[in-house]
Amino acid sequence: MKQYIRKADIILLIALIVLGLASTALLSRAGSATSADAMVVIRSGGELFASYPLDEDVEIEVPAPSGTEYDNPRGHALSADDESTHYTYYNTVIIKGGEVSVSASSCKNQVCVRHGAISKSGQSIVCLPNRLIVTIEDKSGGEYDSITS
């Protein structure tokens, strides 16, 4: 009877698994930014609203850009002087312990709040109804992620 799996095949398989695990660990670590090297960039309505270091603990309330209006979400009571069910909204961004999250939003779907915290360079949180984008960028990084020839 012929032997289909040889000792060299098993050694090659183990070497490929180890190489795959090592490259995965290296690539996941390459995308992470240390707190000292990263900036949190907050854009509202496509324009820069603010920029903070990732290692600074701060809470920012970002108003939606002017002209952003949609139906009143549940739980947000309108005051007596409001003429309609449309008004401008906000997001609350928290930078704490090297992580960034949106803790509160007045939009209906709350996707940005449920997204959770981000901590690595290149990650972002987006709130489409309020036109908010929160990203983490390296201070030292250039304009391009990679260059190929």
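Residues numbered from 1 in each chain as written. Predicted model: local features only at pLDDT ≥ 70, side-chain atom pairs only at ≥ 80, totals over all residues. Heavy atoms only, no water.

Some words on the overall build of the protein chain
Selection rule: Think of it this way: any DSSP run of H or I at least four residues long counts as a helix, any run of E at least two long counts as a strand, and we number them from the N terminus. Burial classification: accessible surface area is computed with a 1.4 Å probe over protein chains only, and a residue below 20% of its type maximum counts as buried, one above 50% as exposed, and the rest as partly exposed. By definition, residues are in contact when any of their heavy atoms lie within 4.5 Å. In these tables, accessible area is a Shrake-Rupley quantity obtained with a 1.4 Å probe, and a residue counts as shielded only by the protein chains included in the view.
Looking only at helices and strands, the protein chain has 2 helices and 9 strands in total. Residues classed as buried in the protein chain amount to 26% of the 149 residues present. When contacts within the protein chain are restricted to residue pairs at least 6 apart in sequence, long-range pairs at least 24 apart make up 46% of them. For the protein chain, the accessible surface area stands at approximately 10400 Å², while carbon and sulfur atoms represent 55% of it.

Re the pairing of strand S6 (residues 90-96)
Which entries qualify depends on this criterion: Each pair of strands is called paired provided DSSP finds at least two bridges between the two strands.
Bridge count between strand S3 (residues 58-63) and S6: 6 bridges; the pairing is antiparallel. Across the sheet, residue Glu59 finds its bridge partner in S6, namely Ile94. Judged from the 6 bridges that link them, S6 and strand S7 (residues 99-105) form a sheet pairing that is antiparallel. Paired with Ile94 across the two strands is Ser101, which belongs to S7. Where S6 folds back on S7, the antiparallel hairpin that results is connected by 2 residues, among which Gly97 adopts a positive phi of roughly 60°.

Some words on the pairing of strand S1 (residues 38-44)
Of all 7 residues in S1, 6 are buried; the element is thus mostly enclosed. Sheet topology places S1 next to strand S9 (residues 132-138); 7 bridges connect them, and they run antiparallel. Paired with Val41 across the bridge in S9 is Thr135. Where S1 and strand S2 (residues 47-53) come together, 6 bridges link them in antiparallel fashion.

A few points about the confidence of the model for the protein chain
Stated formally: Within a predicted model, pLDDT stands for the predictor's per-residue confidence, ranging from 0 to 100.
With 72% of its residues at a pLDDT of at least 70, the protein chain reaches an overall mean of 80. For residues 72-78, every residue scores under 50 in pLDDT, and the model assigns this stretch 16 contacts once sequence neighbours within four places are set aside. Predicted confidence for residues 82-87 stays below pLDDT 50, and this span has 15 contacts to residues more than four positions away or in other chains.

Let's talk about the sheet that holds S3
Inclusion rule: As a rule, the C-alpha atoms of each element are fitted with a line to give its axis, helices using only the stretch in contact, and angles between N-to-C directions run from 0 to 180 degrees.
Spatially, the 3 strands line up as an open sheet ordered S3-S6-S7, and their pairing is antiparallel. A strand with exactly one partner marks an edge of an open sheet, and here the two such strands are S3 and S7. Ignoring which end each strand starts from, the neighbouring axes of this sheet average 25° apart.

Overview of the side chain of Ser44
Relative to the helices and strands, Ser44 is located in strand S1. Aside from chain neighbours lying at most four places away, what touches Ser44 is Phe49, Val62, Pro63, Ala64, Pro65 and Arg131.

Re the nonpolar core
What counts, and what does not: Buried residues of nine kinds, namely Ala, Val, Leu, Ile, Met, Phe, Trp, Tyr and Cys, make up a nonpolar core once their side-chain atoms join them within 4.5 Å.
Judged by nonpolar contacts, the single largest core of 20 residues is most densely connected at Ile42, Val93, Val100, Leu132 and Val134. Other than its neighbours up to four places away in sequence, Val100 contacts Val40, Leu54, Val93, Ile94, Ile95, Gly116, Ala117, Ile118, Ile125, Val134 and Ile136.

Some remarks on the sheet that holds S1
Read across the open sheet, the 4 strands follow the order S2-S1-S9-S8; overall the sheet is antiparallel. Edge positions in the sheet fall to S2 and strand S8 (124-127), since each has one partner strand and no second. Averaged over all neighbouring strand pairs, the angle between strand axes comes to 20°, with direction disregarded.

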